[in-house]
Amino acid sequence: MGYSRAVRVGNHIHVSGTTATAEDGAVVGAGDAYLQTVQTLRNIQRALERLGAGLQHVVRTRMYVTDIARWEEIGRAHGEFFATIRPATSMVQVSRLIDPVMLVEIEAEAVVE
C-alpha cells in the first residue's frame, strides 16, 4: 500500500492505525477486544522504540472500535499502558476494519523532548 507504521519528523512521531497482528501477520485475540487492544499497544510500543521513543512520549491516541459497547474492555487495556502517562484520547465506533476479525485499531502521536 505504500505506508509506514510510524514516521518521525523532528521530535514528533506519528504512528499509523495499528491493529492486533503478530509478527507473522496473524490477528491476535480473535473475538477478544481486551487482548486485541493489548497486542495493538505492544505493536505501537515497538514502532515507537524503533524511532527512539517510548510510550512515555505519547501525547495522543485515537481508538477505532467495531463495537463501542465493549469500551470498558478496551479502556482497561489502554489504561494498563497509559495510566500514568494519560495522553489525550478518543474512542469512536466504526462499521468495520480491514479484516472483519479485527475489533480495535489505534493511532498514536508522540513528542520526544
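As the structure is a computational prediction, the values presented were derived from the model and not from experiment.

Asker: Help me out: how do you make sense of the overall build of the protein chain in this one?
Answerer: When helices and strands are tallied, the protein chain shows two helices and five strands. For 113 residues, the compact-globule estimate of 2.2 N^0.38 gives 13 Å, and the C-alpha radius of gyration of the protein chain, at 13 Å, lies within 12% of that figure. Taking the principal axes of the C-alpha coordinates as reference, the protein chain spans close to 35 × 30 × 20 Å. Buried residues in the protein chain amount to 38% of all 113 residues. Partitioning the intrachain contacts of the protein chain with sequence separation of at least 6 by distance along the chain shows that 74% fall at a separation of at least 24.

Asker: Explain the packing of aromatic side chains here, please?
Answerer: One pair of aromatic rings is described through two measures. These are the centre distance and the angle between the planes. Scanning all chains against the criterion turns up zero aromatic pairs. Note that Arg76 overlies the ring of Tyr34, its terminal NZ or CZ placed 4.0 Å from the centroid.

Asker: Would you mind going over the sheet that holds strand 1 (residues 6-9) with me for this structure?
Answerer: Strands belonging to one sheet form pairs held by backbone hydrogen bonds; the direction of such a pair is parallel or antiparallel. Strand order in the open sheet made by the five strands is 1-2-5-3-4, with mixed pairing throughout. The open sheet terminates on both sides in strands that have one partner only, identified here as strand 1 and strand 4 (88-93). When strand polarity is set aside, the average angle formed by the axes of neighbouring strands in this sheet is 10°. Of the strand pairs in this sheet, strand 1 and strand 2 (residues 12-18) are connected by four bridges, and their pairing is antiparallel. Note that in strand 2 the partner of Val7 across the bridge is His14. Together, strand 3 (58-65), strand 4 and strand 5 (104-111) form the strand contacts of helix 2 (residues 71-82), whose direction differs from that of strand 3 by roughly 160°.

Asker: Honestly, the pairing of strand 2 in this entry has me stumped. Any pointers?
Answerer: One face of the sheet, then the other: side chains in a regular strand alternate in exactly this way. Where strand 1 hands over to strand 2, the hairpin turn is made up of two residues, of which Gly10 adopts a positive phi near 65°. When strand 2 meets strand 5, the two strands line up antiparallel, connected through five bridges. Among the inter-strand pairings, Thr18 is bridged to a residue of strand 5, identified as Ile106.

Asker: Sorry, what's going on with the pairing of strand 4 here?
Answerer: Relative to strand 4, strand 3 is paired through six bridges, and the arrangement is parallel. Residue pairing for strand 4: Met63 is matched across the bridge by Met91. What joins strand 3 to strand 4 is helix 2, and the crossover it makes is right-handed.

Definitions and cut-offs
Residues numbered from 1 in each chain as written. Predicted model: local features only at pLDDT ≥ 70, side-chain atom pairs only at ≥ 80, totals over all residues. Heavy atoms only, no water. Helix = DSSP H or I, 4+ residues; strand = E, 2+ residues; numbered from the N terminus. Rg over C-alpha atoms; globule rule 2.2 N^0.38 Å. Buried < 20%, exposed > 50% of the residue type's maximum accessible area, 1.4 Å probe, protein only. Contact = heavy atoms within 4.5 Å. Phe/Tyr/Trp six-rings, centres within 6.5 Å; stacked < 30°, edge-to-face > 60°. Lys NZ or Arg CZ within 6 Å of the ring centre and 35° of its normal. Pairing = 2+ DSSP bridges. Axes fitted to C-alpha atoms, helices over the stretch in contact; angles between N-to-C directions. Right-handed = clockwise from strand over helix to strand, strands pointing away.

Read these as spatial facts, not as claims about activity.
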